[in-house]
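Reading the structure
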Amino acid sequence: MNKSQLKTPYFMINESKLIENLEKAKHLKEISGVKLVLALKCFSTWGVFDIIKPYLDGSTSSGPFEVKLGHEAFGGETHAYSVGYTEDDVREVADICDKMIFNSQSQLAAYRHIVEGKASLGLRLNPGVSYAGQDLANPARKYSRLGVQADHIDSSVFDSIDGVMFHMNCENKDVDAFIGLLDAISEQFGDHLDKLDWVSMGGGVFFTWPGYDIDKLGAALKAFSEKHGVQMYLEPGEAIITKTTDLVVTVVDIVENEKKTAIVNSATEATVWIR
Ligand SMILES: *Cc1c(COP(=O)(O)O)cnc(C)c1O
């Protein structure tokens, strides 16, 4: 179909640009052994999952509906994370996920018996350090509910879980800043991590940004993985789809009041900040 025949508003996804990002992801995996799971809260357009699937290892989620989408439409490994589960959520999700990541020790204690034997058990930790311009997404801010703080950890928990997840970056284009966070985590939690099978460093690492030193990132992830004997994960969302997609709209009016304002037939997309 000719572009001009399509009814606006629509997203125009550039397949070759998407593949460029995915090739970078593939390179990162090859040099580091990291596994990559797509964060569906950032991008859940299942129409292009067939293009993405061969490059990534699975998907991750911010709530039960995304777990279902990941399981049904993406495949591979399905990671289930939520800031808070109801018991019904846990029962539904436990059967279709590979990893169940709880946000707190109380949720873990309440529901682990439902998950055991079905999925790998994980806990989100709050490293107390971050690289995020967005306050809402910043676990290091005061009163943050995102993950267990170091001084709240009951260390016996690490004998009965398989992995942990950290998520403390947002649009981090600075590889050295990320490596600084990795070092801080290794220092602060290293003894605990040694007991685990996997560690996820979350999303927000902008390794597809032009000029990003992917090889340096890969070497740091590999070194961390070897030091603590864990499978590393990243959970990219934005990094996979950045610069691939336009929202195409029609200008339906131009209003003039000292300056001109175009009125279009779409709202700007509002990300729901549920993290
Ligand atoms: C939002 C989120 C991601 C993805 O973040 P991006 O900035 O899109 O890479 C990954 N993991 C968790 C836990 C998240 O909340």
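The structure contained in this document is the topic of the report that follows. (Residues numbered from 1 in each chain as written. Predicted model: local features only at pLDDT ≥ 70, side-chain atom pairs only at ≥ 80, totals over all residues. Heavy atoms only, no water.)

1. Description of the pattern of salt bridges
- Enumeration according to the criterion identifies 11 salt bridges in this entry.
- Lys118 is paired through a salt bridge with Asp95; the nearest N and O atoms lie 2.9 Å apart. One end of the pair, Lys118, is in the loop between helix H5 (105–115) and strand E6 (120–126); the other, Asp95, is in the loop between helix H4 (87–94) and strand E5 (99–102), with 23 residues separating them in the sequence.
- What makes Lys118 partly exposed here is its relative accessible area of 45%.
- Judged by its relative accessible area of 52%, Asp95 falls in the exposed class.
- Among the charged side chains, a network of salt bridges with common partners joins Lys35, Glu77 and Lys99. (Salt bridge = Lys/Arg side-chain N within 4 Å of Asp/Glu carboxyl O. Helix = DSSP H or I, 4+ residues; strand = E, 2+ residues; numbered from the N terminus. Buried < 20%, exposed > 50% of the residue type's maximum accessible area, 1.4 Å probe, protein only.)

2. Looking at the site of the ligand
- In the vicinity of the ligand there are 12 residues, among which Lys41, Gly204, Glu235, Gly237 and Glu238 approach most closely.
- At 2.5 Å, a side-chain N or O of Glu235 approaches a nitrogen atom of the ligand.
- The contact in question runs from an oxygen atom of the ligand to an N or O atom on the backbone of Gly237, over 3.0 Å.
- When isolated, the ligand has an accessible area of 390 Å², and the protein chains bury 94% of it. (Near = heavy atom within 4 Å. Polar contact = N/O pair within 3.5 Å; in protein donor to acceptor, adjacent residues only side chain to side chain. Areas by Shrake-Rupley, 256 points an atom, 1.4 Å probe, with all protein chains shown as cover.)

3. Description of the environment of His192
- Relative to the elements of secondary structure, His192 occurs in helix H6 (residues 175–193).
- As for His192 and His228, which are separated by 36 residues in sequence, their C-alpha atoms are 9.1 Å apart.
- The residues contacting His192, other than those within four sequence positions of it, are Ser155 and Phe158. (Contact = heavy atoms within 4.5 Å.)

4. Some details on unusual backbone geometry
- Following Thr8, the chain continues to Pro9 via a peptide bond in cis, the omega torsion being 0°.
- With respect to the element layout, Pro9 can be found in the segment before strand E1 (10–13).
- Within the chain, Tyr143 stands out as a residue other than glycine whose phi angle is a positive 70°.
- By secondary structure assignment, the location of Tyr143 is in the loop between E6 and strand E7 (148–149).
- Overall, Tyr143 belongs to the exposed group, its relative accessible area being 72%.
- One non-glycine residue, Lys243, lies in the positive phi region at around 65°.
- Relative to the helices and strands, Lys243 resides in the loop between helix H8 (238–241) and strand E11 (245–248).

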